[in-house]
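# Fold and geometry: a report
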Amino acid sequence: MIGFSYYNPAKIVFGENSISKLPELLKEYKVTSLMLVYSGDFVKTLGIYDAVKDAATQLNIGFAENGNVVPNPDVELVRSIIKEGKEKNVDFILAVGGGSSIDTAKAVAIGLSYDGDVWDFFSKGISPEKVLPIGVVATTASSGSETSNAAIISNGEWKLGFEDDRIIPKFAISDPTYTVNLPWFQTAAGIADVTTHLLERYFSDVKNSDTTDYLIEGAFKALLINAERLIKDPKDINARGEIQWLASVSHNNFLDAGRIADWGSHRIEHELSAQYNITHGEGMAVVILAWIRYAATVKPWRPALLATRVFNADSFDRDEKERAEFLADELERFYKKLGLKTRLSELSIDDRDFDKMAQRAVRNGNVGHYISLDKAIIKDILQFAI
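Residues numbered from 1 in each chain as written. Predicted model: local features only at pLDDT ≥ 70, side-chain atom pairs only at ≥ 80, totals over all residues. Heavy atoms only, no water.

### Structural notes on the overall build of the protein
Put simply, the rule reads: Only runs of H or I of at least four residues qualify as helices and only runs of E of at least two qualify as strands under DSSP, and these elements are numbered from the N terminus. Contacts: residue pairs with any heavy atoms within 4.5 Å of one another. For accessible areas, the Shrake-Rupley method is used with a probe of radius 1.4 Å. Any residue's cover is judged against the shown protein chains and nothing else.
When helices and strands are counted, the protein shows 15 helices and eight strands. For the protein, the spread of C-alpha atoms along the three principal axes comes to 65 × 45 × 45 Å. In the protein, of all internal contacts separated by at least 6 residues, the share reaching a separation of at least 24 is 77%. Total accessible area on the protein is roughly 15700 Å²; 48% of this is exposed by carbon and sulfur atoms.

Take a look at the structure:
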């Protein structure tokens, strides 16, 4: 176990009708002008839009909105929201939705007080002098962005991330009833995304971080159990609540304690979704399986350990390589049961762009910590994914 510093100030307001707490939360942060960031009509169908408008009216808060968020958030939209936000002196960003809306809001929050182009924060690694506060009404169970310090956006070619503790939302309202009518694909892709946030943290070269190991294993088991319940009954509100909470738990950095997480698989998937605009959760299902199968050939001990502790792979019957392969097989069965694709060929993706994507992934050097990935290794992993 290595030393660590943990910080996460996000207030979680969880449960049915938790949106009723919104006025007091906005009052707490002395909001005078609010920008609502969301995607699609579901915000109005669920009654969230009216709740936000009513809260703004009640507290005499200026109100602006943009409902044009798309999957794999686009920097052009961020720029347009920033422009409007500056014109209306916005001092608080409220995101409604999942990771795309939240990451868009985070990018707006760092760009509103900056005179240059917001893409500078993602492409040049500069630090903002000021960050506007962000709040979230989560309507999915997937990205965990409602409690994370990271944002990912795209310019159509590059999909880049930005990390800063100041973009951790001030509060996150999570009502599992909002997730009931999501399309099943979105629910399934969200579950896959949560699995990979847990796996990226589990695949660490740091030994003897037992507390975090067992926390991740327990969270993974809880996720598998509740996903099975949802497969049987998609309206199981308790299962949806468990998974929504697991989405936050898996990505609020608490499970980084005492270890160095890997994140190599995410860097590969970011290039895939930037190139082909595929859904991140399904893309991660494809990539994490390929990564595990590659890891089985070069460094299998971590995947083997998870296979034993979560999937009961017997260490007497199977060596480490076999147990790592067993983990990949079990996860693939799970993803397929969710209805997700698990191979690039199923997504009509071949190897023609492998070289270009691998080169982009390592533009700043090798990626991944448990296994250091260079361009050649990334291409090998992508071959496993076909």
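So that's the structure; there's more coming.
### Description of the pattern of salt bridges
Inclusion rule: Salt bridges are identified by distance alone: a Lys or Arg side-chain nitrogen within 4 Å of an Asp or Glu carboxyl oxygen. Note on exposure labels: buried denotes an accessible area under 20% of the residue type's maximum, exposed denotes more than 50%, and partly exposed covers the range between, all computed with a 1.4 Å probe on protein chains only.
According to the stated counting rule, one finds 26 salt bridges in the structure shown. The partner of Lys 337 in a salt bridge is Glu 228, and the shortest N-O contact between them spans 3.0 Å. Here Lys 337 is found in helix α13 (residues 320–337), whereas its partner Glu 228 is found in helix α8 (residues 210–232), with 109 residues between them in sequence. Under the relative-accessibility criterion, Glu 228 is labelled partly exposed at 27%. With its nearest N and O atoms 2.5 Å apart, the salt bridge here joins Glu 325 to Lys 321. Taken as a pair, Glu 325 and Lys 321 lie in helix α13 at a separation of four residues, close to a single helical turn. Given a relative accessible area of 29%, Glu 325 falls into the partly exposed group. Of the residues examined, Lys 321 reaches a relative accessible area of 37% and is grouped as partly exposed. Each member of the salt-bridge network shares a partner with another, and the members are Arg 267, Glu 271, Arg 360 and Arg 363.

### What to know about a nonpolar patch on the surface
The condition that has to hold: Patch membership requires over 30% relative accessible area and the absence of a salt bridge. Like charges are linked within 9 Å, and nonpolar side chains (Val, Leu, Ile, Met, Phe, Trp, Tyr) within 5 Å.
Taken together, Met 1, Phe 4, Tyr 6, Leu 215 and Phe 254 make up a surface patch of nonpolar side chains, about 510 Å² in accessible area. Looking at where Phe 254 falls in the secondary structure, it is placed in the loop between α9 (237–249) and α10 (264–276). Since its relative accessible area comes to 42%, Phe 254 is described here as partly exposed.

### Things to note about unusual backbone geometry
A negative phi angle characterises most non-glycine residues, just as the trans form characterises most peptide bonds. Its identity as a non-glycine residue notwithstanding, Asn 277 has a phi of 55 degrees, on the positive side. Summarising the element assignment, Asn 277 is placed in the loop between α10 and α11 (280–298). Here the phi dihedral of Asn 312 falls at roughly 60 degrees; this positive angle occurs in a residue that is not glycine. In this structure, Asn 312 sits in the loop between α12 (301–311) and α13.

### Brief notes about the packing of aromatic side chains
Given two aromatic rings, one states the distance between the centres and the angle between the planes to describe the pair. Rule in force here: By convention, a stacked pair of Phe, Tyr or Trp rings (six-membered ring in the case of Trp) has centres within 6.5 Å and planes under 30 degrees apart, an edge-to-face pair has planes over 60 apart, and any other such pair is tilted. Criterion for a charge above a ring: Lys NZ or Arg CZ within 6 Å of the ring centre, and within 35 degrees of the ring normal.
Applying the stated criterion across every chain yields a total of 17 aromatic pairs. Feature note: the residues Tyr 114, Trp 119, Phe 121, Phe 122 and Phe 162 constitute an aromatic cluster, connected by ring pairs. Positioned over the ring face of Tyr 202 is Arg 302, at 5.0 Å from the centre of the ring. When the ring centre of Trp 158 is taken as origin, the NZ or CZ atom of Arg 360, which lies over that ring, is 5.8 Å away.

### Digging into the packing of α10 against α11
Stated precisely, the cut-off is as follows: Axes here mean lines fitted to C-alpha atoms, for a helix over just the part in contact, with angles spanning 0 to 180 degrees between N-to-C directions. For this classification, under 35 degrees means roughly parallel, over 145 means roughly antiparallel, 65 to 115 means roughly perpendicular, and everything else is oblique. For any helix crossing, the convention is left-handed if the near helix is rotated counterclockwise from the far helix by under a right angle, and right-handed if that rotation is clockwise. Basically, the charged four are Asp, Glu, Lys and Arg, the nonpolar ten are Ala, Val, Leu, Ile, Met, Phe, Trp, Tyr, Cys and Pro, and anything else, Gly included, counts as polar.
Contact pair α10 / α11: the axes reach a minimum separation of 9 Å and the direction vectors enclose 130 degrees. Here α10 lies oblique to α11, going by the angle between them. Our pair here, α10 against α11, has a crossing hand that is right-handed. Judged by residue contacts, Ser 265, His 266, Ile 268, Glu 269, His 270 and Leu 272 of α10 engage His 280, Gly 283, Met 284, Val 287, Ile 288 and Trp 291 from α11. Considering only residue class, the contact of α10 with α11 consists of six nonpolar, five polar and one charged.

### Remarks on the sheet that holds strand β3 (residues 62–66)
Just so we agree on the cut-off: For two strands to pair, DSSP has to find at least two bridges joining them.
Taken in spatial order, the six strands make up an open sheet running β1-β8-β5-β4-β2-β3, and their pairing is parallel. The sheet is open, and its two edges are formed by β1 (11–14) and β3, each paired on a single side. Between one strand axis and the next, the sheet turns by 15 degrees as a mean value, whatever way the strands run. With four bridges joining them, strand β5 (residues 134–138) and strand β8 (residues 171–174) adopt parallel strand pairing. In the strand pairing of β8, Val 136 is matched with Ala 172. Packed onto the sheet, helix α3 (residues 48–58) meets β2 (33–37), β3, β4 (92–97) and β5 and runs at close to 155 degrees relative to β3. Those strands touched by helix α5 (residues 99–111) are β2, β4 and β5, and its axis lies near 165 degrees from that of β4.

### Remarks on the pairing of strand β6 (residues 150–154)
It is a general feature of regular strands that their side chains alternate between the two faces of the sheet. Where burial is concerned, most of β6 is hidden: five out of the five residues are buried. Across the two faces of β6 the burial is the same, with Ala 150, Ile 152 and Ser 154 and Ala 151 and Ile 153 all buried. Two strands pair when backbone bridges link them, and β6 and strand β7 (residues 159–163) are joined in this way by five bridges, in the antiparallel orientation. Looking at β7, one finds that Ala 150 is bridged to Glu 163. Linking β6 back to β7 in an antiparallel pair, the connection comprises four residues, with Gly 156 at a positive phi of about 95 degrees.

### Digging into the side chain of Thr 212
Among the structural elements, Thr 212 can be located in helix α8. Of the residues examined, Thr 212 reaches a relative accessible area of 4% and is grouped as buried. When sequence neighbours within four positions are dropped, the list of residues in contact with Thr 212 reads Leu 255, Ala 257 and Arg 259.

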